[in-house]
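# Structural characterization, general
Take a look at the letters that make up each chain.
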Amino acid sequence: MSSKPVLYTHIISPAGRAAELTIKALNLDVEIREMNVFKGQHMNDEFKKLNPVQTIPTLDDNGFLVWDSHAIMIYLARRYGAGTDLYTDDFEQQARINSALFFESSILFARLRFCTDNLTVLGKSAIPEENLQRALEGLQRLESLLQSDYVAGDHLTIADLSCVSSVTTLHLMLKPSVEDFPKTFAWIDRLSKLPYYGEVMGRGLKAAGELMQMLGEKNSAK
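Predicted model only: the values in this text are computed from it and were never measured.

## Topic: the packing of aromatic side chains
Counted by the stated rule, this structure contains two aromatic pairs. Aromatic pair Y8 and F47: ring centres 5.7 Å apart, planes at 65°, arrangement edge-to-face. Within this pair, whereas Y8 is found in strand β1 (residues 6-9), its partner F47 is found in helix α2 (residues 45-50), the two being separated by 39 residues in sequence. Across this residue pair, the class does not change: Y8 and F47 are buried. When the ring of F64 is compared with that of Y75, the centres are 5.1 Å apart and the planes differ by 35°; the resulting orientation is tilted. A residue pair is termed long-range when its members are at least 10 positions apart, and F64 in strand β4 (residues 64-67) and Y75 in helix α3 (residues 69-80) qualify at eleven residues.

Here's what the structure looks like:
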């Protein structure tokens, strides 16, 4: 007898939120199992059996294990997304979606990590200006990429759900102006109207914002 899939994640993780948004977009019944990464729950031997690289999110679909948010999103959309436009069998559109996913991984999320790793240890004031500028440049590239209402064309795809999770987290840190990024802000506003957006992103961004504030106050007091 099959049971429902389980997503191991943490609400503060942009990648985890991207996977959750996909689950909501597909209206799937998935158990969300929070892993406290600050207490190292994802580093124990039990979790290592599920995911040898011990990263979150990780999906367990009745024994079939997938890690990396992009792989999880593609898998869910392909396996359970028949009749939706979140992913596609069309080679050209598939390439557009994949390109945006790789852009999120290698540019947006990577540059966010360059900043948050310093933030966790030293506080924002100690983040090298070069890292902040590279993160801002990542946002500028997204602004240029947005040639339509969505990142991979004229309708919502998993690429949007992946990118928006990192972009909104970067916005918490960099506080860019709508005047400098009009297409990005309009795109975020468009996605914010999705019925499930607030449930996932509201909790996640609130937690991320509180963590950034706490670390900033803690490190400024040193």
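## Some thoughts on unusual backbone geometry
Following I56, the chain continues into P57 via a peptide bond in cis, with omega recorded as 0°. Secondary-structure assignment places P57 in the loop between α2 and β3 (58-61). The phi dihedral of N27 falls on the positive side, at around 55°, and the residue is not glycine. Among the secondary structure elements, N27 is positioned in the loop between α1 (14-25) and β2 (31-34).

## Quick notes on the sheet that holds β1
Pairing between the strands of a sheet is mediated by backbone hydrogen bonds and can be parallel or antiparallel. Sheet architecture is open: four strands sit in the order β2-β1-β3-β4, paired in mixed fashion. Of all strands in the sheet, those with a lone pairing partner are β2 and β4, marking the two edges. Here the average twist between neighbouring strands, direction ignored, is 20°. Sheet analysis places β1 next to β3, joined by three bridges and oriented antiparallel. Residue pairing across strands places V6 opposite D60, the latter belonging to β3. Contacting β1 and β2, α1 runs over the sheet at an angle of about 155° to β1.

## Examining the nonpolar core
Ranked by internal contacts, the top residues of the largest apolar core, which has 54 residues, are L156, I158, L161, V164, M173, W187 and L191. Looking at this core, the elements with two or more residues in it are α1, α3, α4 (91-122), α5 (129-145), α6 (158-174), α7 (182-192) and α8 (197-220). With nine residues, α6 is the largest single contributor of residues to this core. Apart from the residues lying within four places of it in its own chain, the contact partners of L156 are D85, L86, Y150, L161, L191, L194 and Y196. Core analysis: the second largest hydrophobic core is formed by six residues, V6, M35, F47 and I56 among them.

## Here we look at the pairing of β1
A regular strand carries its side chains on alternate faces of the sheet. Burial along β1 is two-sided: the residues V6 and Y8 and L7 and T9 are all buried. Each parallel crossover has a hand, and for β1 linked through α1 to β2 it is right-handed.

## A look at the pairing of β3
The alternating pattern of β3 places T58 and D60 on one face and L59 and D61 on the opposite face, and all of these are buried. Both β3 and β4 contribute to a ladder of four bridges, which runs antiparallel. Following the sheet pairing, L59 is matched in β4 by V66. If you look at the hairpin formed by β3 and β4, you'll find two residues sitting between the two strands, and N62 has a positive phi there, around 55°.

Parameters and conventions
- Residues numbered from 1 in each chain as written.
- Predicted model: local features only at pLDDT ≥ 70, side-chain atom pairs only at ≥ 80, totals over all residues.
- Heavy atoms only, no water.
- Phe/Tyr/Trp six-rings, centres within 6.5 Å; stacked < 30°, edge-to-face > 60°.
- Helix = DSSP H or I, 4+ residues; strand = E, 2+ residues; numbered from the N terminus.
- Buried < 20%, exposed > 50% of the residue type's maximum accessible area, 1.4 Å probe, protein only.
- Pairing = 2+ DSSP bridges.
- Axes fitted to C-alpha atoms, helices over the stretch in contact; angles between N-to-C directions.
- Contact = heavy atoms within 4.5 Å.
- Core = buried A, V, L, I, M, F, W, Y, C linked by side-chain atoms within 4.5 Å.
- Right-handed = clockwise from strand over helix to strand, strands pointing away.

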